[in-house]
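Spelled out from the first residue to the last, the chains are:
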Amino acid sequence: IRGTVTLLRRLTGSHLPDMFEFSKYTGAGNDFVVARADERADATGPELARRVSSRRSGVGTDGLILVYPRPGGIRVRFFNPDGSEFSTCGNGSRCAARYAADEGLVDPDGFVLETPAGEIEARVESDRVGLDYRIEVGMRGPLTVEGPVGPTDSWLVHIGVPHLVLPLEVLPEGPIEEICRPLRSLETLGPEGANVNFVSLSDPTTGAIRTFERGVEAETLACGSGSMAAVFALLAHGSGGDRVTLRVRGGDELEIRIGDTRRPDGGQRDVRLAGPAVRLFEGRFPDSIFTPRD
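Sequence positions are assigned chain by chain, starting from 1 and proceeding in written order. Whole-chain, interface and lining totals are the exception, using all residues; otherwise, since this is a predicted model, local features are given only for residues with pLDDT of at least 70 and side-chain atom pairs are given and counted only at 80 or more. Side-chain measures were taken over the full set of non-hydrogen atoms in the model, leaving aside hydrogen atoms and water.

The rule is simple: put a 1 Å grid over the protein atoms alone, call a set of points where a 1.4 Å probe fits but cannot get out a cavity, call an open set with protein on both sides within 12 Å along at least five of seven lines a pocket, and count a residue as lining if it has an atom within 4 Å of a point. Grid points are joined across faces, edges and corners, and a volume is the space filled by probe spheres set on the points. Under the definition given, this model contains two cavities of 30 Å³ or more. Empty space within the largest cavity amounts to approximately 100 Å³. Lining the largest cavity are Asn-80, Phe-86, Thr-88, Cys-89, Val-161, Asn-195, Glu-213, Arg-214, Cys-223 and Ser-225. When its residues are assigned to classes, the lining of the largest cavity shows four nonpolar, four polar and two charged. Considered as a void within the structure, the second largest cavity measures approximately 40 Å³ in volume. Residue classes follow a fixed rule: Ala, Val, Leu, Ile, Met, Phe, Trp, Tyr, Cys and Pro count as nonpolar, while Asp, Glu, Lys and Arg count as charged, and any other residue, Gly among them, counts as polar.

Laid out in structure tokens, this is it:
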């Protein structure tokens, strides 16, 4: 698509209207529109995210990621479907890394991905992307909350964004929105609330997770930062180790490794997240997508 548009512009001059070109990626079922940022996208990020994320009048995604090339890597911005901007996203970062490699913006064998929450070392190998974080992690808990089967110990883990994690014997079946909406907005979590994660282990190194994400206000098929937060909570719960593979709702597996297993106190921690990231398709919007609505 990009090559065709460029060729047509060369042949016809500047007669074609400006387009906003994008790619859609999925990271373990967490799907995003990923695009190279320009002045228009940078200035209208929140509204642009609302438009492209709409499943009726846009592409239909869990969010928008804007990519800014820089020496030795890329910088990214993340937006929820409701237009709110957030500081980190494990699956989104993997999608952004794969996009940068696909577009020839980086050396896939190793580059730096800069997020508002800090820099990440990224490596792209086929359809899998590994991310090495040095990120600030804080934790509160155990907090007793009303879980799927009654009062349950939970932990609030801040890992770029806040996650409330409930370790369970068995994950609930069926929709979880009605359970998670009250939890997501608990007063003890602060005015912006938190994402909600249910996690269950079959053994100390293997388990499954379901995540309700604020901003999306629904369950998503995967959440990278939620999976990392869950491993910290499992350590505090005494049921997990420093290396855990979690099966997400979309069916894929995310591998998490924690370099320092002490209880987080707001300090920096080394965390590795690895999992799939796949380009689904490319497309473009007319520049009218940047025109303010009445």
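On we go.
A few words now on the pairing of strand E1 (residues 19-27). Each regular strand displays side chains that alternate between the two surfaces of the sheet. Summarising burial for E1: seven of the nine residues are buried, a large majority. Bridge analysis of E1 against strand E18 (residues 278-286) gives eight bridges, and the strand direction is antiparallel. In the sheet register, Thr-26 faces E18, and the bridge partner there is Val-278. Strand pairing is defined by DSSP finding a minimum of two bridges between the two strands. Numbering of helices and strands runs from the N terminus; a helix is a DSSP stretch of H or I covering at least four residues, while a strand is a stretch of E covering at least two. In this structure, E1 lies alongside strand E2 (residues 30-36), joined through five bridges in antiparallel fashion. Directly across from Thr-26, in E2, lies its bridge partner Asp-31. Taking the residues that link successive antiparallel strands as the turn, the E1-E2 hairpin has two residues, and the phi of Ala-28 there is positive, at about 60 degrees. The cut-offs for exposure are 20% and 50% of the maximum accessible area for each residue type, with area from a 1.4 Å probe on protein chains only; residues under the lower value are buried, those over the upper are exposed, and the others partly exposed.

This next bit is on helix H3 (residues 45-53). Every buried residue belonging to H3 is among Gly-45, Leu-48, Ala-49, Arg-51, Val-52 and Ser-53, and all of these are buried. Contact definition: two residues touch when any of their heavy atoms are within 4.5 Å. Buried residues belonging to H3 abut E1, E2, helix H2 (39-43), strand E3 (64-70), strand E4 (73-79) and E18.

Backbone torsion omega between Gly-141 and Pro-142 reads 5 degrees, so that peptide bond is classified as cis. Here Pro-142 is to be found in strand E9 (residues 138-147). In this structure, Ser-126 is a non-glycine residue whose phi angle is positive, near 55 degrees. With respect to the secondary-structure elements, Ser-126 resides in the loop between strand E7 (118-125) and strand E8 (128-136).

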